[in-house]
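If you want the building blocks of each chain, they are given just below.
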Amino acid sequence: MPLFPEEHPADLGHSAAGTLRPIVTLTDDRFAWANGVRAALGVGLPFALVTAVGGVAHGATAAIGGYSVLYAAREPYARRARVLAAVGLGLAASYTAGSLAAGHRWVTALVIAVVAATATFMCGALRVGRPGGYMFTLVCAMGTFATGGTSEIPQNVGLLLIGSAGGWLISMSGWLVRPAHPEHVAIADAFTAVAGFLDAIGGPRVDAARHQASQAVYGAWVMLLRADGRRSRLSGEARRLQVLVRRAHDIFHAGELLAEERSRPLPPEIGDAVRGLADAAGRPRLSPALPTLLADTETNGQRRLRAALRDAVRAAGEPAMPQGEALKGDRPGTLELLRAAAGRASRLPPAAVRTGLAVGAATGLAEILPIVHPSWVAIGAAAALQGGNAVLDLGSALQRAIGTFVGVAVVTVFLHDLAPGPWATVVMVTLLYGAAQTLMRRNLVAGVACITPVPLLLVGAGDPERHVGDLASTRLLDMLIGLGIGVCASFVLWRRASTERLPAALGRAIRAEGMMMRAVVAGEAQENATAWLKLRTAVRRELIDLWTVYESSLGELVGRRRSVERLWPAVVIVQRLGFRLMAAPLKPAADQLADYKVALDPEDLAVYGKPAEAPFTDEDAEKLDAYIQALAAAAEQRRAPIAPELPELWGHPVLRQHLKRLTYALVAGARRPGTGVASQVLTHLSAPPRRVREADAPRTGQSR
């Protein structure tokens, strides 16, 4: 087994010291040209068409509905059509609520708070993705600008729905040219992430790269399940994509075996070949050649990698496949997703309530202060809470504040006395909105600077006496107040939401892996393929959720990051154990050796373990379950485990070593005892017996 990284990677998670770095740098992401063009057309075309018919004031309302084009940009078209339709209706409902509350001071604050909390929860529960509930809050706040009374609400809502329909058409137009493009992108991302994992083998970043690859492969699998329909199931292209995502899984699991077998990096040609598969996902003619370095293989991981690469190269080079087994997996319904999101283990309820309270407090404070547009304060508070934890929220708020300042400065210096006509307003809004969405991924400051003049133009649309710069200073002040309130809410309200859920997430992952380990060791995995697939999927979700909660916890407690980092060894070992179980052979070790026709020499025994001399008895199963439950309970209570005897797992020595290492890691990650007498007494009473106290034992990785 490879050596365990004793030190926590400095760049994992987000630190307070790194919040200023993105202000003057570009991220590694590419410029989102497609997103920019889609956003410009989705907002600009409804704006232009309605302006031509009913005037620029009505066109501005339609442009608000075009904000729906930002959603579901990476979803398959079948799901994208449903999501965009629901988003359009949600934006209309949010605008209606804001318009009905317009002019009523405290009712406005309450309505915007409820809309912000509800939208945040629903978007997170139904996995709508970014920009999440922010746009619903923004549209609700813009509805409070309505000054025509309740009589104009039906007309304005109708115009907004027209804009949403325009955004729907623009976003769905790609189906006419490349109907499977989202699936191609997801599979390409999966192969790229797997290539990064293979490149990281033998280095300190292997565990983070493993998580990213698993998340990307799982995302591609889910996307193909979402795109699975009666027509697509009969398509040769759909069958090819399903085979490719299976091959991505096979390469990933072969890499997991290689990560245990090797302590040095793989040749770079292997990662390049897998990246070539990413290029061939949508263009079969770019299918790469099989690396010659894998011509002679020796270990189990090398054999599996060669077979998986060979099958993947063959599948990637075919434009369509006449046969192929459909992907298996469950697609949870809406009620199931909502129940899971409302559970005690979910981070969504505190995040939604925090957003609602911050937005409501910002709106209420703005109503008391002499501010022209309290809704802009509410938008600023909602924008500050998009990061997910205190450190990310602080960094996002700083970048948005600087971007707003730059945008207001440009308006004040160059556009202050500009009173654009209707079509000049349409063109400027279209170009600025598209530029903002193009730049947003690479530099948030530049994106916010581009989008800052847009609300100033929309507010002044239809009023020839109003200049663009009339409300520039108000916009800056309102946003700064809102961002400040949002950051304060992030540091005060439920500031330990992820940290408090981390031990429970660790315990759930251990229990799920225990079920999987029993199936592997007892040979039950091969008997029921459907149940095995569900179990593997459940374990993968738990591992992804565990890593996400851990990363979020690193940014929650400023100054107490080390308390979370002490669980880093346990998190990594649980990750390694889970993916090792997924890559474990379903046949006993002796059958594996017979398949490959190799002798039982010492090197083979080091890889496969001793062939099973006796079946896995019920007594062994009870001992294994008791050991797993003891580890899970210790993780949930963050204390040293009182572990019973661990049975011999013949044929699976690596799994036994992982369990031993996990025991040591939980001892090291237990809460430190306090200095008081009561704390020392409790620590002494809860300490494990001396015979199982192995915190000081050497970490050789060998079975005991």
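What you see is a predicted model; the values in this text were computed from it and never measured.

**Student:** Can you help me understand the overall build of the protein in this one?
**Tutor:** Helix and strand counts for the protein come out as 29 helices and zero strands. Here the protein holds 704 residues, and the buried ones make up 53% of them. Total accessible area computed for the protein in this model is approximately 31,800 Å², and 59% of it derives from carbon and sulfur atoms.

**Student:** Would you take a moment to explain the confidence of the model for the protein for this structure?
**Tutor:** Atomic detail in the predicted coordinates should be set aside for any region of low pLDDT. In the predicted model, the protein carries a mean pLDDT of 79, and 81% of its residues have values of at least 70. At the low end of the mean pLDDT range in the protein sits helix H29 (residues 677–686), at 39; at the high end sits helix H6 (residues 153–172), at 92. Residue range residues 588–614 is modelled with pLDDT below 50. Its contacts to residues more than four positions away, or to other chains, number 34 contacts. Segment residues 675–704: pLDDT under 50, and 30 contacts once partners within four positions in sequence are set aside and those in other chains are kept.

**Student:** Before we go on, may I ask you to explain the pattern of salt bridges in this structure?
**Tutor:** A side chain with one charge may pair with a side chain of the opposite charge, provided their charged atoms come close. Tallied over the entire structure, the rule returns 17 salt bridges. With a shortest N-O distance of 2.6 Å, Asp199 and Arg275 are connected by a salt bridge. With a gap of 76 residues between them, Asp199 in helix H7 (residues 181–200) and Arg275 in helix H11 (residues 268–280) connect regions that are remote in the sequence. A relative accessible area of 34% places Asp199 in the partly exposed class. Taking relative accessible area as the criterion, Arg275 reaches 29% and is therefore assigned partly exposed. With a closest N to O distance of 3.7 Å, Glu645 and Lys623 form a salt bridge. Within this pair, whereas Glu645 is found in the loop between helix H27 (618–637) and helix H28 (653–668), its partner Lys623 is found in helix H27, the two being separated by 22 residues in sequence. Connected through shared salt-bridge partners, Asp207, Arg210, Glu256 and Arg576 make up one network.

**Student:** Could you clarify how one ought to interpret the nonpolar core in this entry?
**Tutor:** Nonpolar side chains in soluble globular proteins generally cluster together in the buried interior. Counting 94 residues, the largest nonpolar core has Phe191, Ile251, Leu506, Ile510, Met517 and Leu659 as its most contacted members. Leaving out residues up to four positions away in the same chain, Met517 has contacts with Leu577, Leu581, Leu624, Leu649, Leu655 and Leu659. Leu84, Val128, Trp376 and Val377 belong to the second-largest nonpolar core, a separate cluster that totals 69 residues.

**Student:** When you look at H27 in this model, what are you seeing that I'm missing?
**Tutor:** Side chains three or four residues apart in an α-helix point the same way, a direct result of the helix having 3.6 residues per turn. Taking 1.5 Å per residue, 20 residues should reach 28 Å; H27 reaches 28 Å between its end C-alpha atoms and fits that length. For H27, every residue scored as buried is listed here: Asp620, Ala621, Leu624, Tyr627, Ile628, Ala630, Leu631, Ala632, Ala633, Ala634 and Ala635. In this structure, the buried side of H27 is in contact with helix H21 (497–521) and H28. Count one or two residues on from H27 and you reach Arg638, which has phi positive near 50 degrees.

**Student:** Would you mind going over the packing of aromatic side chains with me for this structure?
**Tutor:** Two aromatic rings are characterised by how far apart their centres lie and by the angle between their planes. Scanning the model with the defined rule gives six aromatic pairs in all. Ring centres 5.3 Å apart and planes at 10 degrees place the aromatic pair Tyr67 and Tyr433 in the stacked group. Of this pair, Tyr67 sits in the loop between helix H2 (56–65) and helix H3 (77–101) while Tyr433 is found in helix H17 (residues 422–439), placing the two residues 366 residues apart along the sequence. Assessed through its relative accessible area of 6%, Tyr67 is described here as buried. Members of the aromatic cluster, each reached through a chain of ring pairs, are Phe197, Phe252 and Phe579. The lysine or arginine in question, Arg400, covers the ring of Tyr134, its NZ or CZ lying 5.9 Å from the ring centre. Between Arg475 and the ring centre of Trp376, over which it is positioned, the NZ or CZ distance is 5.2 Å.

**Student:** Just checking my understanding: could you explain the packing of H3 against H6 for this structure?
**Tutor:** Packed helices, taken two at a time, are described by their axes: the angle between them and the distance between them. Across the interface, H3 lies against H6 with an axial gap of 9 Å and an inter-helix angle of 160 degrees. Judged by the inter-axis angle, H3 sits roughly antiparallel to H6. Here the hand of the crossing between H3 and H6 comes out right-handed. In terms of residue class, the contact of H3 with H6 is built from 15 nonpolar, six polar and one charged.

**Student:** In this structure, what is going on with helix H12 (residues 300–316)? I would like to understand it.
**Tutor:** Across its 17 residues, H12 extends 24 Å between first and last C-alpha, which sits within 8% of the 24 Å expected from 1.5 Å per residue. Restricting attention to buried positions, one finds in H12 the residues Asn300, Gly301, Gln302, Arg303, Leu305, Ala308, Leu309, Ala312, Val313, Ala315 and Ala316.

**Student:** Where do I start with the packing of helix H5 (residues 134–143) against helix H15 (residues 374–383) in this structure?
**Tutor:** It is at 9 Å that the axes of H5 and H15 come closest, and there the two elements cross at 175 degrees. One way to sum up the angle between H5 and H15 is to call them roughly antiparallel. For the pair H5 and H15, contact is made by Tyr134, Thr137, Leu138 and Ala141 and by Ser375, Ile379, Ala382 and Ala383, respectively. Of the residues that constitute the contact of H5 with H15, the class distribution is six nonpolar, two polar and no charged.

**Student:** How do you make sense of the environment of Pro288 when you look at a structure like this?
**Tutor:** For Pro288, the position within the fold is in the loop between H11 and H12. With a relative accessible area of 17%, Pro288 lands in the buried category. Placed 15 residues apart in sequence, Pro288 and Ala273 show a C-alpha to C-alpha distance of 6.0 Å. If we skip the residues at most four places from it in the chain, Pro288 touches Ala273, Gly276, Leu277 and Val313.

**Student:** What is the right way to read the side chain of Arg80 from this model?
**Tutor:** Mapped onto the elements, Arg80 comes out in helix H3. Among buried charged residues, Arg80 stands out as having no salt bridge; its nearest opposite-charge side chain is Glu75, 7.5 Å away. Dropping the residues within four chain positions of it, Arg80 is found in contact with Ala72, Ala73, Arg74, Glu75, Ser171, Met172 and Pro182.

**Student:** Mind showing me how you'd approach the environment of Ala73 here?
**Tutor:** Relative to the helices and strands, Ala73 is located in the loop between H2 and H3. As a C-alpha pair, Ala73 and Arg38 span 35 residues in sequence and 9.1 Å in three-dimensional space.

**Student:** What is the right way to read unusual backbone geometry from this model?
**Tutor:** Glycine aside, residues mostly have negative phi, and peptide bonds are mostly found in the trans state. That bond from Arg130 to Pro131 is cis: its omega, 5 degrees, falls within 30 degrees of zero. When you line up the elements, Pro131 lands in the loop between helix H4 (105–125) and H5. Although it is not a glycine, Arg127 sits at a positive phi angle of roughly 55 degrees. The residue Arg127 is located in the loop between H4 and H5 in this model. By relative accessible area, Arg127 is classed as partly exposed at 40%.

Conventions adopted
Residues numbered from 1 in each chain as written. Predicted model: local features only at pLDDT ≥ 70, side-chain atom pairs only at ≥ 80, totals over all residues. Heavy atoms only, no water. Helix = DSSP H or I, 4+ residues; strand = E, 2+ residues; numbered from the N terminus. Buried < 20%, exposed > 50% of the residue type's maximum accessible area, 1.4 Å probe, protein only. Areas by Shrake-Rupley, 256 points an atom, 1.4 Å probe, with all protein chains shown as cover. pLDDT = per-residue confidence, 0-100. Contact = heavy atoms within 4.5 Å. Salt bridge = Lys/Arg side-chain N within 4 Å of Asp/Glu carboxyl O. Core = buried A, V, L, I, M, F, W, Y, C linked by side-chain atoms within 4.5 Å. Expected span 1.5 Å × (residues − 1). Phe/Tyr/Trp six-rings, centres within 6.5 Å; stacked < 30°, edge-to-face > 60°. Lys NZ or Arg CZ within 6 Å of the ring centre and 35° of its normal. Axes fitted to C-alpha atoms, helices over the stretch in contact; angles between N-to-C directions. Parallel < 35°, antiparallel > 145°, perpendicular 65-115°, else oblique. Left-handed = near helix turned anticlockwise from the far one by under 90°. Nonpolar A, V, L, I, M, F, W, Y, C, P; charged D, E, K, R; others polar. Lys, Arg positive; Asp, Glu negative; His and termini not counted.

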